[in-house]
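Structural description and commentary
Residues per chain, in single letters:
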Amino acid sequence: MLFKILVVLHTLGATVWVGGHLVLAVTVLPKALQNRDPDLIHQFEEHFENFGLTSLLVQVITGLGLTWIYFPYFHHFLDFDSYLSTYIGIKLLLLLGTIALAIHARFFIIPNLTKETLNSLAYHIIGVTTLAVLFVILGAGIRLGGFF
Ligand code: HEM
């Protein structure tokens, strides 16, 4: 039963994290770049930031929970000797990349966001959104028994 609850919570968290970033990257960012108006992104971040970070925390907790069920006591889960350990290992690398980009944006770009620095934030948004979509592809890959 725990496994099923973790999969449902993990999928729900994914809809928030990935859905929110796709809305930001596909609908808000193009308009902000076109109008050179960083406020459009500020307004989105004001509403999404806490909810988004909570969903990322849910992903980490449920993801590690699912990993524990597949690899009790995390034994050999980073051996990269099966699609399962490889996909989970890559997911952890995606997580590190996501956290690094998020911290850099939050503490170095967003506080000094102007029309001039908007492009550097755009690269971050596209980067985090691409990592988010890769999380889903790898997650579905685990569910489907691997792609290759
Ligand atoms: C933002 C971060 C993440 C997103 C968007 C995400 C997304 C997904 C999705 C959509 C699935 C398929 C759900 C299903 O099984 O049908 C999945 C499965 C899975 N994810 Fe993640 N994930 C994230 C982070 C993580 C992390 C950090 C880990 C491990 C430490 C992880 C481990 C897993 C595992 C083991 C499965 C397979 C569950 C199963 O058997 O179905 N995920 N993920």
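Up top is the structure these notes are about.
Read on for an overview of the structure.

Reading the values: the criteria
- Residues numbered from 1 in each chain as written.
- Predicted model: local features only at pLDDT ≥ 70, side-chain atom pairs only at ≥ 80, totals over all residues.
- Heavy atoms only, no water.
- Donors = N, O, S within 2.8 Å, 3.2 Å for Na, K, Ca; no water.
- Tetrahedral: all angles 85-135°; square planar, octahedral: opposite > 155°, others 65-115°.
- Helix = DSSP H or I, 4+ residues; strand = E, 2+ residues; numbered from the N terminus.
- Buried < 20%, exposed > 50% of the residue type's maximum accessible area, 1.4 Å probe, protein only.
- Core = buried A, V, L, I, M, F, W, Y, C linked by side-chain atoms within 4.5 Å.
- Contact = heavy atoms within 4.5 Å.
- Phe/Tyr/Trp six-rings, centres within 6.5 Å; stacked < 30°, edge-to-face > 60°.

Take the coordination of the iron atom of the ligand next. The protein atoms that coordinate the iron atom of the ligand are His10 (NE2) and Lys91 (NZ), at distances spanning 1.8 to 2.0 Å. Geometry at the iron atom of the ligand is octahedral, judged from its six donor atoms and the angles of 83 to 179° they form at the metal. Linking histidine 10 in helix 1 (residues 2–34) with lysine 91 in helix 3 (residues 83–109), this pair joins segments that are 81 residues apart in sequence. For the pair histidine 10 and lysine 91, a shared accessibility class is recorded, and that class is buried.

Turning our attention to the nonpolar core. Counting residues in hydrophobic clusters, the biggest one holds 17 residues, and the most contacted among them are Leu24, Ile41, Leu121 and Ile125. Of all the elements, helix 1 adds the most residues to this core, at six residues. Setting aside anything within four residues of it in sequence, one finds leucine 121 in contact with Ile41, Ala105, Ile109, Ile110 and Leu113. Within the second largest apolar cluster, 16 residues are counted, among which are Leu84, Leu94, Leu131 and Phe135.

What follows covers the packing of aromatic side chains. All told, the structure shown has seven aromatic pairs when counted by the stated rule. A centroid spacing of 5.9 Å and a plane angle of 90° characterise the contact between phenylalanine 3 and tyrosine 70, whose relative ring orientation is edge-to-face. Residue phenylalanine 3 is found in helix 1, and its partner tyrosine 70 is found in helix 2 (residues 39–70); the two are separated by 67 residues along the sequence. What makes phenylalanine 3 partly exposed here is its relative accessible area of 25%. On the basis of an interplanar angle of 75° and a centroid distance of 5.7 Å, the ring pair of tyrosine 83 and tyrosine 87 is categorised as edge-to-face. Placement of both tyrosine 83 and tyrosine 87 in helix 3 is noted, with a separation of four residues, approximately one turn of the helix. Cluster of aromatic residues (ring-pair linked, three or more members): Trp68, Tyr73, Phe74 and Phe77.

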